[in-house]
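Fold and geometry: a report
Spelled out, the chains give:
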There are 2 protein chains.
Amino acid sequence: MTDRMQGRNAAYVIEALMQSVRPLSAYDIIAAVRPRVELAPTTVYRALRQLISDGKAHRIESLNAFVACQHGHGVEPVHRHGDGLGFVICDRCGSVDEFIDPVIGERVAATLVERGFSASAVTLEVRGVCATCSDKAVAR
Amino acid sequence: MTDRMQGRNAAYVIEALMQSVRPLSAYDIIAAVRPRVELAPTTVYRALRQLISDGKAHRIESLNAFVACQHGHGVEPVHRHGDGLGFVICDRCGSVDEFIDPVIGERVAATLVERGFSASAVTLEVRGVCATCSDKAVAR
DNA sequence: TGCTCGAATGTTATGTTATAACATACAAAG
DNA sequence: CTTTGTATGTTATAACATAACATTCGAGCA
């Protein structure tokens, strides 16, 4: 009961996410782990819920897809929504970049305090085109 | 060709959104306008795309649902993602509150400039429990 | 008038994302 | 060796979203 046990399905899922540059939908994950193993949607969503609550994966709301957390693989705490965690998502190449801006975290927190609102999750996502893809477009 | 023409379907849809306290999914909207009129999903999504690009409605990504814009019904410009526009969503009563924080807008913009990232949309959503619902829980 | 063009709309089918509901396995604690 | 809780498996279906193509309708104009 070390709080580290999370079953082998979660292991398959996080592995698939870590090996992918792009976010994966639940069904992408099913395809990615096949034919090594055949997972049902339910199973994948269960594993994802677990991984997300452990801070090892994030859901990208605007894509209905999932990514492995890019940080916190050492001693430092993993990134959590609510600390000014955000994602920059390129619609051209699909890359996702995680960032933290404490000032944003503070401003959001202030807004919530002002309202007496108790937050369970904060989503910050930017969609657009990354520098690399812009350059490519210019280069042609 | 005044750029204000947008067809009667959009009118039905925005009306349904404005009359609702809570966000509505596309299928909720279909139910809301029935039996006055019977709209197909395609039709509703088309109208929503239009309304959103006009700034008259917003998509709540974390709910896969839609709300009417709460501001900008006078001369002032409508709210747009990217100016620090955000939503505070109560998971208990379903209420959605729109807010603007220019500081957040600036910080996000700065992050994007730093990366040479060109944004097309910014999503900021907070899920949790509003003051009213918290009070109720305590009061019982 | 009647042509033509584009925008809006309608229709059908299907693709994609997510969960409900219930059955089984399996390990640790007692 | 039984109880209990967590993980897992299975089937079905709910909920969200778009593709592809047909039709209607109004504005501008020959």
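The structure this text deals with has already been given above.
Figured I'd write up the structure that's included with this text. (Residues numbered from 1 in each chain as written. Chains lettered and ligands numbered in written order. Predicted model: local features only at pLDDT ≥ 70, side-chain atom pairs only at ≥ 80, totals over all residues.)

**A closer look at the interface of chain A and chain B**
Contact with chain A, which involves 29 residues of that partner, is made by 29 residues of chain B. Of all the secondary-structure elements, those providing two or more residues to the side of chain A that touches chain B are α4 (102-115), β5 (118-129) and α5 (131-139) of chain A. The element that contributes the greatest number of residues to the side of chain A that touches chain B is β5(A), accounting for 12 residues. Of the residues belonging to the side of chain A that touches chain B, the class tally is 15 nonpolar, eight polar and six charged. In this sheet, strand β5 (residues 118-129) of chain B lies alongside β5(A) in antiparallel orientation, the contact comprising 11 bridges. Among the inter-strand pairings, A:R127 is bridged to a residue of β5(B), identified as B:A121. (Contact = placed C-beta atoms within 7 Å. Helix = DSSP H or I, 4+ residues; strand = E, 2+ residues; numbered from the N terminus. Nonpolar A, V, L, I, M, F, W, Y, C, P; charged D, E, K, R; others polar. Pairing = 2+ DSSP bridges.)

**Considerations on the relation of the copies chain A and chain B**
Mapping chain A onto chain B leaves a residual RMSD of 0.0 Å; the transformation is a rotation of 180° accompanied by 0.0 Å of translation along its axis. The operation mapping one copy onto its partner corresponds to a two-fold rotation axis. For chain A, the residue whose C-alpha comes nearest the rotation axis is A:L124, separated from it by 2.3 Å. Looking at chain A, 100% of its interface residues are interface residues in chain B too, so the copies touch through the same face. (Least-squares fit on C-alpha atoms with pLDDT ≥ 70 in both.)

**Digging into the protein's contact with DNA strand C**
Lining the immediate surroundings of DNA strand C are 17 residues, of which A:S25, A:N64, B:G7, B:A40 and B:T42 lie closest. The element best represented in the surface near DNA strand C is helix α3 (residues 41-53) of chain B, accounting for four residues. Residues belonging to the surface near DNA strand C are distributed by class as follows: seven nonpolar, eight polar and two charged. (Near = placed C-beta within 6 Å.)

**A word on the protein's contact with DNA strand D**
In the neighbourhood of DNA strand D, 17 residues make up the surrounding shell, with A:G7, A:A40, A:T42, B:S25 and B:N64 lying closest. Contributing elements (two or more residues each) for the surface near DNA strand D: α1 (7-19) and α3 (41-53) of chain A together with α2 (26-33) and α3 of chain B. With four residues, the top contributor of residues to the surface near DNA strand D is α3(A). Considering only residue class, the surface near DNA strand D consists of seven nonpolar, eight polar and two charged.

**Things to note about unusual backbone geometry**
Keep in mind that most residues, glycine aside, have a negative phi and that most peptide bonds are trans. A cis amide bond, omega 5°, links A:R34 with the succeeding residue A:P35. The residue A:P35 is located in the loop between α2 (26-33) and α3 in this model. Even without a glycine there, the phi angle at B:N64 is positive, about 50°.

In short, shape yes, function no, at least from these values alone.
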